[in-house]
Amino acid sequence: MANETEDAPTNSASESHATSADVERNPTDEDKNEKLLNDAVQFLPTDAVKDLLSKEVCLRCIFRLFGMQVPICSSLSVKSLLCHVLGEQADLHQNISSVEPNICRSCLGILQFTYCGDKERVVENESACDFAVAIAELVKKEGHQIDSFSLEVSMPPTILENENKLSLYVKRKYRSEAWFKDRSISECSSTKDALKFALTNPLETLLDVKCGISTFHIRLTYSRVEASIRIQNFVEKIEGCKRRKVDAKNCLDTVKDKSAITGVENSVVSTTEVIPVDEKSSNGLQDNEPSETHEFPLKKVNEPCRLECLCFRTPIYFGGRYLKYSRNVSQTRWIIDEERMGEASIEEIIGGNILPMCRGDSYKFHAAGREDIDVRMLGSGRPFLFEIQNAREVPSELLVKEIESKINSLENKLVRVKNLKIVGSQGWTLMREGEAEKQKQYAALVWISRPLQDEDFQTISSLKETQILQKTPIRVLHRRSPLEREKIINWMKIEKIAGSSQYFLLHMCTQAGTYIKEFVHGDLGRTNPSIGSILGCRAEILQLDVTDVKMNCFLTE
Amino acid sequence: MNDHNVYQTNNSETEETPEQAQQEREKEMQDDEEELHKLLLPNVHDLPLTPPSAIDFNFVAYFAPDFLKPGHDQYVYRHANGLCVIGLAPTHVAFKDEGGITAVDFNVGKSDRSGFKVTGKRKKNAQHFESNTAVCKVCTNNDSYIVRCCVKGSLLEVNNRLIKQPGLLNSSADREGYIAIIMPKPADWLKIKSSLLGLEDYKRKREECFGSS
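Residues numbered from 1 in each chain as written. Chains lettered and ligands numbered in written order. Predicted model: local features only at pLDDT ≥ 70, side-chain atom pairs only at ≥ 80, totals over all residues. Heavy atoms only, no water.

Under an unreviewed UniProt entry, chain B has the name Actin-binding transcription modulator and belongs to Citrus sinensis.

Chain A appears in an unreviewed UniProt entry as tRNA pseudouridine(55) synthase from Citrus sinensis.

Now the structure itself:
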């Protein structure tokens, strides 16, 4: 795209920020744009322009109102052009400055690149480029590595109301004019679009990346300052006042403001109805037009909008599977009364290694189910998702592999990670898919109160798709609903342990959500049937390991 | 470790035939399974002859001998999460009657304790009982005895199975024959705790029943 241009002779170019000048270098484009601007300006209806300027509408709003591309170059060069067209003396800079309002009544200073920034300081930018420089610096300050950006702008609702009122005003006033019939006012662009258009190219140049759909967002939020809220409160008190009983200026201002606040679309009409006909010197402007003509519908603006500029990246997701080799590591950080339970947590071990590599603000850990702190997670591992907030950098595939190796070579070998990689939002759906049908495989170390017999093997193996009924286990009953849940035990198998007659390994596959420990020991008879009831004796569980989470996501490719 | 193997396999796959690659993968899977199996098998020598039961492991046992009446010995098993399982201690006078316990009736006091439904995480509709509130009545051939709450709190559950299978009290009063589950407030628990006995003290008090154990 063409770079920004600036008229070379204008002073502001050399005085403005170094980077802004870089942006604006390009002689051929400069000439081309100047010519375009010149041509466009020729077609502006002088009377209308003068009228709007006198109503405190800024130059760029005038341009956009007449369906012209908002000039991106500095205000000064625009003003001088305009004056040339309007036949004014171009060297009377004071005149030019006084012609354009301090703060536009329509765009509230937004298209004049003026706003109230940090510490309530009013910032006035000469051009879109200067403005873009300030934004680009914020991006660089945060240390973001980006390959694209998306630009979002949010404005107070007043702006839209002002746009509508202004269009209506122009339509009403000039609908009989020839030039009006030639061009359609509906071609006018919105303040938001105009601002985005103005900023996009400079930002693309400064940041050296394209604007479009991106995970990296630059968000400009404009909001009105407190003063207007005070007025609103006052207005609400004099609700329904149609005639002025108090001082002319106050009443009128507040009544006009009221209709602006209530946001009536056709407020031009209602405003004129509300304002008493015998009103004169209405809006405190310097204009002397007779009161039969329409009163200008927009209120004077004393303060620019407050601008909050945020740049951030939308969350990125890391998916994979984890294994837990320790019986003293919890899945998530677990603190009770300021004391940590277990010696570490999966989320901290893995998250603590991913977060710094992304230079993100924080992480959120999600896993497809969980296991108790004293239960190991073995076999193919459990699928998990890490959501990294506002990463400053998106790691490359190679770097992700390095992160995985690093976690797996930690000295204490508590946790292992498999198939770590960055996934899109489909990671979520993958994890949530088939959650209810998920089956899990376990190996439990079981003790029974009598020696194992030959029949027991068969008794257990023959049970397929057995339904059991589990009342909410006592160990979680304090925080879960007392319910009776039906669960399926898909299959079971006893593996003898050499050297012991009462201990054995029980392998089984069950429906997601089954409480295995309770299925073994019976939970005081509240899980039925249980291993104890099936084998006709007392059964206890000593150890439990998850050997497989049967899910189709984040598997080794 | 396995990760290392994966890398090597990926690199060499380009030089192998598909069959060889398949064989490699199968071997890898076998290795994985063997490794898993090694992890699963316990060291037999470390296994205790009789492991602690789930109750021993997860609950602390307290006893209330002669609760409101002589011979009415009850237990309170308190879980780490604060819930209390109450039941008849082995030295309860009801067990001395011939034939043991023959029937259990939860319809005592003002309502049938087996009828209510507690719902939700906040345990709505749970009845709040004092420690001396009657929970149920156990009957033997000779007599009937009232079983009390012992712990002030919300009644979460009664053991309905006892209605059809009162014999559970005779065979395993300390497990499947439990009477009810109570949820006391922490402050209420502290108050009652001081009047309960631990296992050792209880055994000593009822020495004659336990003999030389």
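Draft legend 1. Summary view of the overall build of chain A. When you go through chain A residue by residue, the secondary structure sums to 20 helices and 20 strands. Considering only contacts in chain A between residues 6 or more positions apart, those separated by 24 or more positions represent 75%. When the accessible surface of chain A is split by element, carbon and sulfur atoms take 50% of a total near 26,400 Å². (Helix = DSSP H or I, 4+ residues; strand = E, 2+ residues; numbered from the N terminus. Contact = heavy atoms within 4.5 Å. Areas by Shrake-Rupley, 256 points an atom, 1.4 Å probe, with all protein chains shown as cover.)

Draft legend 2. Main features of the interface of chain B and chain A. With 38 residues of chain B at the interface, the matching set in chain A holds 41 residues. Surface buried jointly by chain B and chain A totals about 3,300 Å² across both partners, of which 62% is contributed by carbon and sulfur atoms. At the surface where chain B touches chain A, the tally comes to two salt bridges. Between Glu 157 of chain B and Arg 526 of chain A there is a salt bridge, with its nearest N and O atoms 2.7 Å apart. (Buried area = accessible area lost by both parts, 1.4 Å probe. Salt bridge = Lys/Arg side-chain N within 4 Å of Asp/Glu carboxyl O.)

Draft legend 3. Highlighting the sheet that holds strand β10 (residues 153–158) of chain B. Residues and elements named next belong to chain B. Taken together, seven strands build an open sheet; the order of strands is β7-β10-β11-β3-β2-β1-β12 and the sheet is antiparallel. Every interior strand has two partners, whereas the edge strands, β7 (127–129) and β12 (197–198), have only one. As judged from the two bridges shared by strand β1 (residues 59–64) and β12, these two strands associate in the antiparallel manner. By the bridge assignment, Phe 63 is partnered in β12 with Leu 197. (Pairing = 2+ DSSP bridges.)

Draft legend 4. Looking closely at helix α15 (residues 346–358) of chain A. Residue and element names in this part refer to chain A. Relative to the 18 Å expected for 13 residues at 1.5 Å per residue, α15 spans 18 Å between its end C-alpha atoms, a close match to the ideal helical length. What α15 keeps buried is the set Ile 346, Glu 347, Ile 349, Ile 350, Gly 351, Asn 353, Ile 354, Leu 355 and Cys 358. Two residues or fewer after α15 comes Arg 359, characterised by a positive phi angle close to 50 degrees. (Expected span 1.5 Å × (residues − 1). Buried < 20%, exposed > 50% of the residue type's maximum accessible area, 1.4 Å probe, protein only.)

Draft legend 5. How the structure looks around the side chain of Asp 523 of chain A. Residues and elements named next belong to chain A. Among the secondary structure elements, Asp 523 is positioned in the loop between α19 (516–521) and β19 (527–528). Residue Asp 523 is classed as buried on the basis of its relative accessible area, which comes to 6%. Within the local environment of Asp 523, its side chain forms a polar contact with the side chain of Arg 526, the two groups lying 2.7 Å apart. In contact with Asp 523, other than residues within four places in its own chain, are Lys 471, Thr 472, Pro 473, Ile 474 and Glu 518. (Polar contact = N/O pair within 3.5 Å; in protein donor to acceptor, adjacent residues only side chain to side chain.)

Draft legend 6. Representation of the packing of aromatic side chains within the structure. In total, this model carries twelve aromatic pairs over all chains according to the counting rule given. Aromatic pair Phe 59 of chain B and Tyr 77 of chain B: ring centres 6.4 Å apart, planes at 50 degrees, arrangement tilted. In this pair, Phe 59 of chain B sits in strand β1 while Tyr 77 of chain B sits in strand β2 (residues 74–79), placing the two residues 18 residues apart along the sequence. A single burial state applies to Phe 59 of chain B and to Tyr 77 of chain B, both of which are buried. Chaining the aromatic ring pairs together yields one cluster made of Tyr 322, Tyr 363, Phe 365, Phe 384 and Phe 386 of chain A. (Phe/Tyr/Trp six-rings, centres within 6.5 Å; stacked < 30°, edge-to-face > 60°.)

Draft legend 7. Inspection of the sheet that holds strand β4 (residues 101–105) of chain B at higher detail. All names here are of chain B. Across the sheet, which stays open at both edges, the three strands sit in the order β4-β8-β9 with antiparallel pairing between neighbours. Because the sheet does not close on itself, it has two edges, and the strands there are β4 and β9 (144–148). Neighbour-to-neighbour, the strand axes of this sheet turn through a mean angle of 25 degrees, independent of strand direction. Bridging between strand β8 (residues 134–140) and β9 involves five bridges; their strand directions are antiparallel. Bridge pairing in β9 places Ala 134 opposite Arg 148. (Axes fitted to C-alpha atoms, helices over the stretch in contact; angles between N-to-C directions.)

Draft legend 8. The arrangement of the pattern of salt bridges in detail. All names here are of chain A. For the structure on display, the rule yields 32 salt bridges over all chains. We note a salt bridge from Arg 327 to Asp 545, for which the minimum N-O separation is 2.8 Å. You can see Arg 327 sitting in the loop between β7 (316–324) and β8 (329–330) and its partner Asp 545 sitting in strand β20 (residues 539–550), a full 218 residues away along the chain. Residue classification places Asp 545 among the buried residues on the basis of a relative accessible area of 2%. A salt bridge links Asp 548 to Lys 550, with the shortest nitrogen-to-oxygen separation between them at 3.2 Å. Given a relative accessible area of 34%, Lys 550 falls into the partly exposed group. Residues joined in a network through salt bridges with shared partners are Asp 372, Asp 374, Arg 475, Lys 517 and Glu 518.

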